[in-house]
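Each chain, written out:
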Amino acid sequence: RAKGTFDQNTYQTYFGNDVAPGLFAWIVPESSTIARVGLGTRHNAHFFFQKFMKEHKLTPIDTQAGPIPIYNPKIRTECHKESVYSIGDAATQVKATTLGGLIPGLKAAACLTEAIETQTSYEKRWKKEVGRDLWIHLKIRNVLDRFSDNDWNKLIVLMAQDKVKHILEKHDREKPMKILAALVKEPRLVRFLPKIFA
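Just so it is clear, the structure is predicted and the values come from calculations on it, not from any experiment. Starting from 1, residues in each chain are numbered consecutively following that chain's sequence as written. Given that this is a predicted model, residues contribute local features only at a pLDDT of at least 70 and side-chain atom pairs are listed and counted only at 80 or more, while totals for whole chains, interfaces and linings are drawn from all residues. Excluding hydrogens and water, the side-chain values take into account all heavy atoms of the structure.

**Remarks on the overall build of the protein**
The condition is simple: By the criteria applied, helices consist of DSSP H or I runs no shorter than four residues and strands consist of E runs no shorter than two, each listed in order from the N terminus. Working definition: with a 1.4 Å probe on protein chains only, accessible area under 20% of the residue-type maximum means buried, over 50% means exposed, and in between means partly exposed. In this analysis, two residues are considered to be in contact whenever any of their non-hydrogen atoms come within 4.5 Å of each other. Accessible areas in this description were obtained via Shrake-Rupley with a 1.4 Å probe; residue shielding takes into account the shown protein chains only.
Along the protein, the regular secondary structure elements total seven helices and seven strands. Order of helices (α) and strands (β) in the protein, N terminus to C terminus: β-β-β-β-α-β-β-β-α-α-α-α-α-α. In the protein, which comprises 198 residues, the proportion classed as buried is 33%. For the protein, the share of sequence-separated contacts (at least 6 apart) that also reach a separation of at least 24 residues comes to 54%. Counting only carbon and sulfur atoms, one obtains 56% of the accessible surface of the protein, whose full area is about 12,600 Å².

Right under this line is the structure:
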């Protein structure tokens, strides 16, 4: 959390190798004077966060830092015999695109409850519920990891188009396949196809 001057009705997201290599930074206002500020990167997070804070003239109130476990489909999340189960961050139930894990984690918690009550596989239940979506987010992240700053600029300009904004507003981020299916109909996205097959 940080002090500064903010528009309460707008949150900001920042991309680029000079800002947050491989991921992104964000400013989400709580009020006109306090915001939640964060930065995710795979390279020297402390350096880039301090640089970001200085460039935006932000004063920290309190800080919290730690690794964000991006989805790994190979991790085992249950040992039924020992009644041991992993959920949320421990199970890497985190979207690789947005770094959000609250909704997948809550859905997995419901799956765990059902699995315990019915003596069935928790892992099979949660993977059926959210595993495919997390896997698609991971594949999208693999493509985004190949983006140059110029690619990001082109994508952001494209996403500002009314047609594309309508698609993004209409579909739930938790279901990326529906968004991708709709976006495929946008011919200007063809320029990004080489990144998929790189």
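**A word on unusual backbone geometry**
Despite not being glycine, Lys-57 shows a phi value in the positive range, around 55 degrees. Mapped onto the secondary structure, Lys-57 falls in the loop between helix H1 (45-55) and strand S5 (59-60). One non-glycine residue, Thr-92, adopts positive backbone phi at about 50 degrees. If you trace the backbone, Thr-92 turns up in the loop between strand S7 (84-85) and helix H2 (102-118). For Thr-92, a relative accessible area of 6% puts it in the buried group.

**Some details on the packing of aromatic side chains**
Test applied: Pairing of aromatic side chains here covers Phe, Tyr and the six-membered ring of Trp, requires ring centres within 6.5 Å, and sorts the geometry by plane angle: under 30 degrees stacked, over 60 edge-to-face, intermediate tilted.
Scanning the model with the defined rule gives eight aromatic pairs in all. Relative to Phe-24, the ring of Phe-15 lies with its centre 5.9 Å away and its plane at 45 degrees, an arrangement referred to as tilted. The class for Phe-15 is partly exposed, based on a relative accessible area of 29%. Since its relative accessible area comes to 11%, Phe-24 is described here as buried. On the basis of an interplanar angle of 80 degrees and a centroid distance of 5.1 Å, the ring pair of Phe-47 and Phe-48 is categorised as edge-to-face. Accessibility expressed as a relative area gives 13% for Phe-48, which makes it buried. An aromatic cluster of three or more residues is present, and its members are Phe-15, Phe-24, Trp-26, Phe-147 and Trp-152.

**Details of the pairing of strand S4 (residues 34-40)**
Quick note on the threshold: DSSP bridges decide pairing: two strands pair if at least two such bridges lie between them.
Most of S4 sits inside the fold, with five of its seven residues counted as buried. As paired strands, strand S1 (residues 2-3) and S4 are joined by two bridges and run antiparallel to one another. The residue of S4 that forms the bridge with Ala-2 is Ala-35. Relative to S4, strand S3 (residues 24-29) runs antiparallel, the two sharing six bridges. Bridge assignment links Val-28 to a residue of S4, and that residue is Arg-36. Two successive antiparallel strands, S3 and S4, enclose a turn made up of four residues.

**A few points about the sheet that holds strand S2 (residues 12-14)**
What counts is decided by this rule: Axes, fitted as lines to C-alpha atoms, cover a helix only where it is in contact. Angles between the N-to-C directions of the axes lie from 0 to 180 degrees.
Taken together, the five strands give an open sheet; going across it, the order is S2-S3-S4-S1-S5, and neighbouring strands pair in antiparallel fashion. On the outer flanks of this sheet lie S2 and S5, each paired with one strand and no other. Set on the sheet, H1 makes contact with S1, S2, S3, S4 and S5; between it and S4 the angle comes to about 145 degrees.

**Here's the deal with H1**
In plain terms, the rule: Directions from the helix axis toward the C-beta atoms define the arc.
Along H1, the residues classified as buried are Phe-48, Phe-52 and Met-53. What you see down the axis of H1 is that its buried residues fit within an arc of 135 degrees, all on one side. Opposite its buried face, H1 presents the exposed residues His-46 and Lys-54, each directed more than 90 degrees away. Where H1 is buried, its residues meet S1, S2, S3, S4 and S5. Following H1 by one or two positions, Lys-57 has its phi on the positive side, about 55 degrees.

Purely spatial values, then, with no claim about function.
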